[in-house]
Structures are given as C-alpha cells and as structure tokens.
Amino acid sequence: MAPNSNHIQIGFPSLPAPASTTHFAFLTEWLNDCDENHRGCDPVKKYPPPTRLIDLGSPDAPVVRLIQTTTTETVKYIALSHPWGQGHSFCTFPHNLAQHKAAIPVRSPNFPDTFRDAIAATRALGVRYLWIDSICIIQGPDGDFEKEAKRMEDVFSAAYCVIAASSARGQRDGFLRTRKERQFLQLRGESSSSLYVCRFIDNFAEHVLNGPLSKRGWVLQERALARRTIYFTDWQTYWECGCGVRCETLTKIDNKLVSFLGDPSFPSKLSSFDRGERIRFYEDLYRQYSRLNFTRFTDRPVAIAGLEQRMINNLKAKGGYGIFHDGGSLLSRSLLWRRGAEASTLNRVDFSKAKQKEGKSLPSWSWMAYDGAIDYLDLPLGGVDWRNDAVLDPFSSPGSGRNDPSDKTAVLKAMARPFVFEPVGEPGESVDVILDAGNAQGVTGWEGWKAVVVGTRRIAKGEIVPVEHRTHYLLIITALTEGDGHETIYQRIGVGYMPGGFLGEEGVQRVTVG
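Residues numbered from 1 in each chain as written. Predicted model: local features only at pLDDT ≥ 70, side-chain atom pairs only at ≥ 80, totals over all residues. Heavy atoms only, no water.

(A) Quick look at the overall build of the protein chain. Scanning the protein chain from N- to C-terminus turns up twelve helices and 23 strands. Counting every position in the protein chain, which comprises 514 residues, the buried fraction comes to 53%. For the protein chain, the proportion of contacts with a sequence separation of at least 24, taken over those separated by at least 6, is 71%. If you sum the accessible surface of the protein chain, you get close to 23,900 Å²; carbon and sulfur atoms cover 51% of it. (Helix = DSSP H or I, 4+ residues; strand = E, 2+ residues; numbered from the N terminus. Buried < 20%, exposed > 50% of the residue type's maximum accessible area, 1.4 Å probe, protein only. Contact = heavy atoms within 4.5 Å. Areas by Shrake-Rupley, 256 points an atom, 1.4 Å probe, with all protein chains shown as cover.)

(B) Layout of the sheet that holds strand β4 (residues 129–131). If you walk across this open sheet you meet the nine strands as β2-β1-β4-β3-β5-β8-β9-β10-β11, and the pairing is mixed. Two strands in the sheet have a free side with no partner beyond their single neighbour: β2 (65–68) and β11 (252–253). Judged from the two bridges that link them, strand β1 (residues 52–55) and β4 form a sheet pairing that is antiparallel. Paired with Ile54 across the two strands is Leu130, which belongs to β4. The strands that helix α1 (residues 21–37) touches are β5 (161–165), β8 (229–232), β9 (237–241) and β10 (244–247); relative to β9, the one it contacts most, it runs at about 10°. (Pairing = 2+ DSSP bridges. Axes fitted to C-alpha atoms, helices over the stretch in contact; angles between N-to-C directions.)

(C) Up close: the pattern of salt bridges. Per the counting criterion, the structure on display carries 28 salt bridges. A salt bridge links Arg151 to Asp154; its shortest N-O distance comes to 3.5 Å. By sharing partners, the salt bridges in this structure join Asp284, Arg287, Arg291, Glu342 and Asp375 into a single network. (Salt bridge = Lys/Arg side-chain N within 4 Å of Asp/Glu carboxyl O.)

(D) Representation of the packing of helix α10 (residues 275–290) against helix α11 (residues 305–314) in the model. Where α10 contacts α11, the axes come no closer than 12 Å and their chain directions differ by 165°. Considering the angle they form, α10 stands roughly antiparallel to α11. Like other packed secondary-structure pairs, α10 and α11 cross with a definite hand, here left-handed. Of the residues in α11, those in contact with Arg278, Tyr282, Leu285 and Tyr286 of α10 are Leu307, Glu308, Met311 and Asn314. Across the contact of α10 with α11, the residue classes break down as five nonpolar, one polar and two charged. (Parallel < 35°, antiparallel > 145°, perpendicular 65-115°, else oblique. Left-handed = near helix turned anticlockwise from the far one by under 90°. Nonpolar A, V, L, I, M, F, W, Y, C, P; charged D, E, K, R; others polar.)

(E) Expanded view of unusual backbone geometry. Positive phi is not limited to glycine here, since Leu250 has a value of about 80°. With respect to the element layout, Leu250 can be found in the loop between β10 and β11. The partly exposed category is assigned to Leu250, whose relative accessible area is 40%. Despite not being glycine, Tyr321 has its phi angle at roughly 60°, a positive value. Tracing the chain through its elements places Tyr321 in the loop between β12 (318–320) and β13 (323–325).

(F) Broad picture of the packing of aromatic side chains. Applying the stated criterion to the full structure yields 23 aromatic pairs. Each ring, one from Tyr282 and one from Phe324, has its centre 6.0 Å from the other, and the planes form 50°; the classification is tilted. Of the two residues, Tyr282 sits in helix α10 while Phe324 sits in strand β13, which places them 42 residues apart along the sequence. Of the two residues examined, Tyr282 and Phe324, each falls in the buried class. A ring pair is formed by Tyr289 and Phe294, whose centres lie 5.8 Å apart and whose planes are at 80°; its orientation type is edge-to-face. An identical accessibility class is assigned to Tyr289 and Phe294; each is buried. Members of the aromatic cluster, each reached through a chain of ring pairs, are Phe266, Phe281, Tyr282, Tyr286, Tyr289, Phe294, Phe297, Phe324 and Trp367. One cation-aromatic arrangement involves Arg228 over Tyr160; the distance from NZ or CZ to the ring centre is 4.7 Å. One residue, Arg296, lies across the ring of Phe145, its end atom 5.8 Å from the ring centre. (Phe/Tyr/Trp six-rings, centres within 6.5 Å; stacked < 30°, edge-to-face > 60°. Lys NZ or Arg CZ within 6 Å of the ring centre and 35° of its normal.)

(G) Just the environment of Gly340, in detail. Among the secondary structure elements, Gly340 is positioned in the loop between β14 (337–339) and β15 (374–376). A residue is classified by how much of its surface remains accessible, and Gly340, at 0% relative accessible area, is buried. Taking the C-alpha atoms as reference, Gly340 lies 9.2 Å from Asp436; in sequence the two are 96 residues apart. Among all residues touching Gly340, those that are not within four sequence positions of it are Arg291, Ala373, Ile374 and Asp375.

(H) Representation of helix α8 (residues 217–225) within the structure. Of all nine residues in α8, nine are buried, a share of seventy percent or more. Residues of α8 that are buried include every one of Gly217, Trp218, Val219, Leu220, Gln221, Glu222, Arg223, Ala224 and Leu225, and no others.

(I) Quick look at a nonpolar patch on the surface. On the surface, a cluster of nonpolar side chains totalling about 370 Å² of accessible area is made up of Leu185, Leu187, Leu195 and Val197. Residue assignment for the nonpolar patch shows that the elements contributing at least two residues are β6 (184–188) and β7 (194–198). With respect to the helices and strands, Val197 occurs in strand β7. (Patch = residues over 30% accessible without salt bridge, like charges linked within 9 Å, V, L, I, M, F, W, Y side chains within 5 Å.)

(J) The arrangement of the environment of Phe273 in detail. With respect to the helices, strands and loops of the structure, Phe273 is situated in the loop between α9 (256–262) and α10. Of the residues examined, Phe273 reaches a relative accessible area of 25% and is grouped as partly exposed. When sequence neighbours within four positions are dropped, the list of residues in contact with Phe273 reads Phe260 and Arg278.

From the geometry alone we can't say anything about function, so treat these as descriptive.
What follows is the structure in structure tokens.
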C-alpha cells in the first residue's frame, strides 16, 4: 500500500543554526503570516508607547541608544522577557542615564549576552526599537520603577512582538546559542526523495511553561498580556499567538488549557465559561503565581496588577490584592485562601524596604502580603450557604484595590465571634485550622482568637443538621492593637472549618481587619 502523504509531517529534520539567515527568515514568516491572517493579534494601539525605548539605529548609523518617547507617537517595538539572574545586572541608573542616551556600550564585555542577542533578533526581524526593563526603566532609589511598573500592561500589550529568553537563567546567558542536537534517521526511497524519522522534540510545556524563565514572577503577566511571543529555548524556537502554538519543526499545537494565557485579548476566551468555572480558573492562576520566584517579594502585588484588573473586569467585580468582590459570594470565597501544603510558614513582606516610598503595606487578609505558596479551602461550588453580610465591601472607597501598598483605603469590616473550645478536632470530626504562620496543632493562645464565619455547609433538602454540628467556614483573626481609646485593629492569622459548636454566640461584634 502506498503511504498516504497527508499523514507525513513536513518539516526540518535538522533545525537551522540559531541566528542564521534561515532561522530569522523562518521567524519573520511567522510574524508576516500573523500580520496578514490573524485578526485580533495586532498590538493594542490605544496604549501610549513606553516612556523610553532602545533605538537600534540604522544600517548606516548603527548606534544603540536610549530615547525618550512622546505619548502621541506610534512606535513599532519589540519587548524582551528575560530573567535577571544573580549578581550584577546591567541597568540604567540616574548617574548613567545621559550616557545611555548618547550610546549604550553594547561592545563592552560587561554588556549581557541576552541583551546582545535581543538586539540581533530585533534587527533581523526588521524592527528598529527594543524595550528591555532594566535599561528602559531607571533603577535605584531615585529611579522611576514605581511609576513604570504600573505600565506593564501598556508595554506588553502594545509591543509588536515579545521575544522570550526561555532557557536563560540570567542576563549573561544569551539565547541565540548552540542548541541540543536533534537526532534523526534518513530513509532513502527508490526515487531520489527521502523520508526522515526524527526524535520528537515538540514539548512546549516542558521547554517554555516549565522552563527557567517561567519560574520568574513577572513572566506570568508578561505572557498573558503579550499579543504574540517568540520563545527561544535550548531545543527549538516556539511561536505563540491567539491562533495557537507553533514549533520550529513545523508542528502546530492546539491546547485549550495552554491557549488561555496565550490569548492576545486575555481573558476573552473564558467568556464561554460559567461563573464557577472562571472562579476555579482564577484560583488556579493565583496558586501558580504564588509559587513563582521574585528577587524582591515587594514586587508581588504590582507584577500581576495589569492581569488582575482584566480578571476583575471579566468577573464584573471590584477587587485587588488577590481578592474579588462582586456583591455576592465572591468576596467570602476569595478570602478563604490558605497556606500552601508545601509551605511551613508564610512570612509577611516588609514593604518599608521596597523601592517604593517607606511605610507601605498590604492588608493581612491579602495573600500578596506574604512570601509563600497558597492554596484555597476545597469548597464545593454551590455547596456553601454564604453569609455575605459577615464581611463588608473593602473596595467601596474610590481608588481602593489597585494593588498599591500605599493605599490605606481598603479595610475589611467583619463580624467576629469568640471561640468557646480549642479548635482541635478528635478523629472523625470535621475540624481543620491552617495558620498562616504554621501548624495549629498544640498552638496556645487560641482564647484570644476570633472567628469570622463567611459560610456554612449547605444541607440537602429534607436534611436536619443542628447549627452546632453544621460545618462553618471561617477566617481566624486576632487583635493587633489594643484600646487606649482607639479602635482595636485585628489581623488575619489563618483560616479553617469546624462545627458551629466551637464558636460562641455571645460577644459577636463588627471589627476592623487590617
């Protein structure tokens, strides 16, 4: 039987050398095809350009320098997504800003290979302007990181394309380097044509999603906000846009789970999901984000702010700090985050040491105020009777909920009740307490705890369960400041669930949780 040519993969048995003419021609073809045929992948033109860009010059005057843009001009530029790594980083500071505006020392041995490769790739793709965070944002205490970090949605959504150094671990690694060799066998036919049996190397999940770059906290938002991205890995180059993932081997990957973050209009592909499915997706996204690495954990709120605002809009809600409020049960549900199983403790982040102004902090009820992994209490969708009056809207003040540690307007008013028994369960009892600082078993001082009950287990029709036996889902808080004529402020210390018999009915009061 003659082979069916429709079932034979067309592609390169041996991939072109990185940075070769053939390699860049291939990447250019991806861009051209997307430009011409993929409606919706175009850069967003409503955003102003980045404050600064790197001008790569022209063939006649190839001087690389930093330029200031204007808010009215439209500029075609490429943005680099890369890891900073350990040790010294090449940056723009106030003291070398004038020098970089005159000429960036790209021939210096101190200039990182990752940046040198980004310049080569941008030029080869026919684009004159490049954005690199450490060069285009002025670093240091007198820089403008605080202002520019809030514009990441603009930067990545308006970029013509994003190039990602997916296998690099730092600025010095580069990404146009020799790749792992692909093994193949050549099968010669009776005619002059040949078939090749090649090792399968198309693994976007392993090479990109689980690659070194994707472990960096900022990259989750960069990927979701980019209209299209070219990923350079140790195996091959991948392309991602709204129409899916393409491999340099000429394979196309269409994975719905992968495509959500690759959606150029994220999160528009979730519009067909019902409310519960979207909530589950966002919880999973926050779980993933909380496990990513930061050089400075004070960046944790701002590194997802643009992405979070899109999610808030998609849910038709208010929110910030990793918490949503839609006027219904969403606030209560999103407050029930818990310390991740692999985290022995969650430590509060000291925002007073941030690049930003001193004295900033996030509320204790936000998981972004801590430095470890989080999960959520496993609550059945539709299986909880929520007490929406137990916590009041913390985002009612104008401007609250923007992931800005300087914002003091987002306060949580909650109905708190005392514990009457130590919340430790006997075998077979439905009791669990997860303290943010560690294991609750044997912890003393529970007499000073208070419970904010945000929901109870829904009972089946016809089922009779006394309130003292019904499972209650709650935040656990304790006093942070006491009296002296001023209001007592409480802080969150954990979450849990237990029968109502552990909780007192007297002494219930409305308190402020900071």
